Amino acid sequence: MSQNLLEIRNLAVHFPIKEGLFKKTTNYVKAVNDLSLTVRKGETLGIVGESGCGKSTLARAILGLNKPTSGDILFEGESILDYNPKQMHQLRRDIQMVFQDPFTSLNPRMPIGEIIAAPLKAYKTTVNVEQRVKELMELVGLKPEYYHRLPHEFSGGQRQRVGIARAIALEPKLIVCDEPVSALDVSVQAQVINLLEDLQKELNLTYVFIAHDLSVIKHIADKVAVMYLGKVMETAERDSFYQSARHPYTNALLSAIPLPDPEKEKKRERIVLQGDLPSPANPPTGCVFHTRCPKAQPICKEKLPRLEQMEEEHFVSCFFPIEEEQKRALNT
Amino acid sequence: MLEVKDLKAYLDTSTGVVKAVDQVSFTVKAGETVGIVGESGSGKSVLALSLMQLNPTPLTFYPQGEILFEGRNLLGLRERALRKMRGNEISMIFQDPMSSLNPIFKIGNQLIEAIRSHKKMPRHKAEAEAIELLQDVGIPDAERRMHEYPHEFSGGMRQRVMIAIALACRPKLLIADEPTTALDVTIQAQILEMLRTIQNKYGTAILIITHDLGVVARLADRVMVMYSGRIVEEGSTADIFYRTSMPYTWSLLRSIPRLDEAGQDRLIPIQGQPPNLVTPPKGCNFSPRCPFATPECAEIDPALTERRHGHRVACILSEMEFEEQKQLLEAVDRKEVLA
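Peer 1: Talk me through the interface of chain A and chain B; I want residue IDs and the actual numbers.
Peer 2: Taken together, the contact between chain A and chain B spans 45 residues of the former and 43 residues of the latter. Together chain A and chain B conceal approximately 3,900 Å² of surface at their shared face, both sides included; 53% is due to carbon and sulfur atoms. On the chain A side of the contact with chain B, V186, H219 and P260 of chain A bury the most area, a combined 16% of that side's loss. Where chain A meets chain B, there are 3 salt bridges. Between K264 of chain A and D260 of chain B there is a salt bridge, with its nearest N and O atoms 3.0 Å apart. Linking chain A with chain B are 19 residue pairs in polar contact (both at pLDDT 80 or more), by the criterion used here. Elements supplying a minimum of two residues to the side of chain A that touches chain B: α6 (186–203), α7 (214–220), α8 (238–243), α9 (248–256) and α10 (262–267) of chain A. In terms of residue count, the dominant contributor to the side of chain A that touches chain B is α6 of chain A (10 residues). Classifying every residue of the side of chain A that touches chain B by side-chain character gives 19 nonpolar, 12 polar and 14 charged.

The structure is reproduced here in structure tokens:
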């Protein structure tokens, strides 16, 4: 159980900004900057962050779709960065992805049976493709009779099931889910989350689950990492994370989410962050969060905090993490 | 102030007539915040657009009903009279702040245009008012930002500009259609906070339309829950969240992952898909997905009836029957979780 399936070491993904007649590189968008994370076999790592924090770039880097500027990605202990195309082809069997938008991630002219069969055909794994597809459809809760129907005949939730069936077709070890439920209605969202949980148990899957919704993450993840401007601000086991988040940004995020409970909403102390996310092309000096941090001190402007261990498995990148006693005072 | 009576808004499509809004009645009093909650396709946006008479015609038609704003029926009003009313008395903000502003005009000019098209005043006066509006909605350095273009503003800032334009003529009612759905949570928190300050300052009534029950709990005084074109439950925020009496509202509240509750219980989704509005199910629209459904539900179409003061419910189950069934279902859930 405790074996690391995926290990990301000091990963950086920078995109050049080119300007002028000669397309001279003037600056870089530092989408992911010096980021380290590990995912153990069978667990779910939830990655949370606002738009522009680099979470999708990270997902693409794990799949080998973005070339990292520096750092390393290890899958089952092996670095995937210097894989040749043949090895990469094999790797893609083991790492699959579920996309956010169930409307654009399925070919509108392809019957859903064909969509699910595509990975099977690409890897020539099974002799009886149609039978396997029907098995998969049943596994994700779609009627096998729908084999010849086109994506537009399905609702968002059902399309997401097609996307999931396609992702598990090759029995991958790791599935990267990039905001898989954020385009769905609340009542359908629960169906898809339950399906992902069931499949994880049944097929012994590992998930990297990217979302901006901390309540969904709380439900599905074993471990949570919060990203801000390409960096990890805080990472911890789920319970430790939700009971005693230590980073000021995490606390602001948690308090920003409206609770479906009017009494609690009235009593809650709210930390409203000022301003917008700075541009990742021009991140602030020192701690990247200091421009919006309610607890910022002069040192935050100058020095970059490192991820420090607070408790077992709980790391925070902040010079002034929130203390336990303060935290309790905030809650009551 | 606003009274909607038995409103029907139907859409004429190639597949048939869609009953997007069906027999909807409600009121909004001056200065209060009313939330409309529903999933996509529940008719909440069509309802909002109907209030402003902005639905495309003749595609949309209103076979029945009245929209009374301060006693005047907006249905059947001439376009000129409507234009006068829009922005002046009722204004609206939309979900997508990226596409609601004209990209080729400066923010300031767009604001000044909005002010001057409703009020006769010299340009420099309108300019001063525009700057004040931008400050009201929390845009720092407003004077300089008047001369910037929409692309220089972030999503949250653009939504603030939209709100400033909507408030330009001090409307009595502001309709906000999913105003924060496209924004990040920290920005959403800023906008919601700002809406509340604005309301306190100007006494504007707000009709907020959202799918997020949390937003409603934070902001609204009263809530209406919509399902397939109908209002299925209406009451004070406390009625809806603590004295839930309609199976759909109850199922919806139960199906969302909660940040404020411990444990990782299994989510309890609502089975099935929302109904097709061209051929809605017989009887109660929710009956095919309802865990409480009785054979009668497929026959009788329940009317929205008042249970307690101000708390209206569309369900044939009585309060006692609902409570009993609810406890039964909750007991079953707990066992499932244990097993």
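Peer 1: Please give an account of the sheet that holds strand β11 (residues 308–311) of chain A that cites residues and values.
Peer 2: The pairing of strands in a sheet happens through backbone hydrogen bonds and is either parallel or antiparallel. All names here are of chain A. Overall, mixed pairing links the 8 strands, which are arranged β6-β7-β8-β3-β9-β10-β12-β11 in an open sheet. Edge positions in the sheet fall to β6 (95–98) and β11, since each has one partner strand and no second. On average, each strand axis in the sheet is inclined to that of its neighbour by 20°, with strand direction left out of account. Relative to strand β8 (residues 206–211), strand β3 (residues 44–48) runs parallel, the two sharing 5 bridges. Directly across from L45, in β8, lies its bridge partner V208. Strands in contact with α6 are β3 and β8; relative to β8, the strand with the most contacts, it is inclined by about 160°.

Peer 1: Describe the sheet that holds strand β1 (residues 4–19) of chain A, listing the residues and the values that go with them.
Peer 2: Residues and elements named next belong to chain A. Overall, antiparallel pairing links the 4 strands, which are arranged β2-β1-β4-β5 in an open sheet. Each having just a single partner strand, β2 (24–40) and β5 (78–79) make up the two edges of the open sheet. The sheet contact formed by β1 and strand β4 (residues 70–75) spans 5 bridges and is antiparallel. Paired with A12 across the bridge in β4 is S70. Where helix α1 (residues 55–62) meets the sheet, its contacts fall on β1, β2 and β4, and the angle it forms with β1 comes to roughly 115°.

Peer 1: Outline helix α3 (residues 112–123) of chain A, supporting the account with residue identities and numerical values.
Peer 2: Residue and element names in this part refer to chain A. Regarding α3, the residues found buried are I112, G113, I115, I116, A117, P119, L120 and Y123. On its buried side, α3 packs onto α2 (85–94), α4 (129–139) and α5 (156–168). K124 sits one or two residues past α3 and shows a positive phi near 45°.

Peer 1: Can you explain helix α4 (residues 123–136) of chain B? Please cite residues and give values.
Peer 2: Under the 1.5 Å per step criterion, the end-to-end length of α4 of chain B is 20 Å for 14 residues, consistent within 8% with the ideal 20 Å. Along α4 of chain B, the residues classified as buried are A126, E129, A130, I131, L133, L134 and D136 of chain B.

What counts, and where the lines are drawn
- Residues numbered from 1 in each chain as written.
- Chains lettered and ligands numbered in written order.
- Predicted model: local features only at pLDDT ≥ 70, side-chain atom pairs only at ≥ 80, totals over all residues.
- Heavy atoms only, no water.
- Contact = heavy atoms within 4.5 Å.
- Buried area = accessible area lost by both parts, 1.4 Å probe.
- Salt bridge = Lys/Arg side-chain N within 4 Å of Asp/Glu carboxyl O.
- Polar contact = N/O pair within 3.5 Å; in protein donor to acceptor, adjacent residues only side chain to side chain.
- Helix = DSSP H or I, 4+ residues; strand = E, 2+ residues; numbered from the N terminus.
- Nonpolar A, V, L, I, M, F, W, Y, C, P; charged D, E, K, R; others polar.
- Pairing = 2+ DSSP bridges.
- Axes fitted to C-alpha atoms, helices over the stretch in contact; angles between N-to-C directions.
- Buried < 20%, exposed > 50% of the residue type's maximum accessible area, 1.4 Å probe, protein only.
- Expected span 1.5 Å × (residues − 1).

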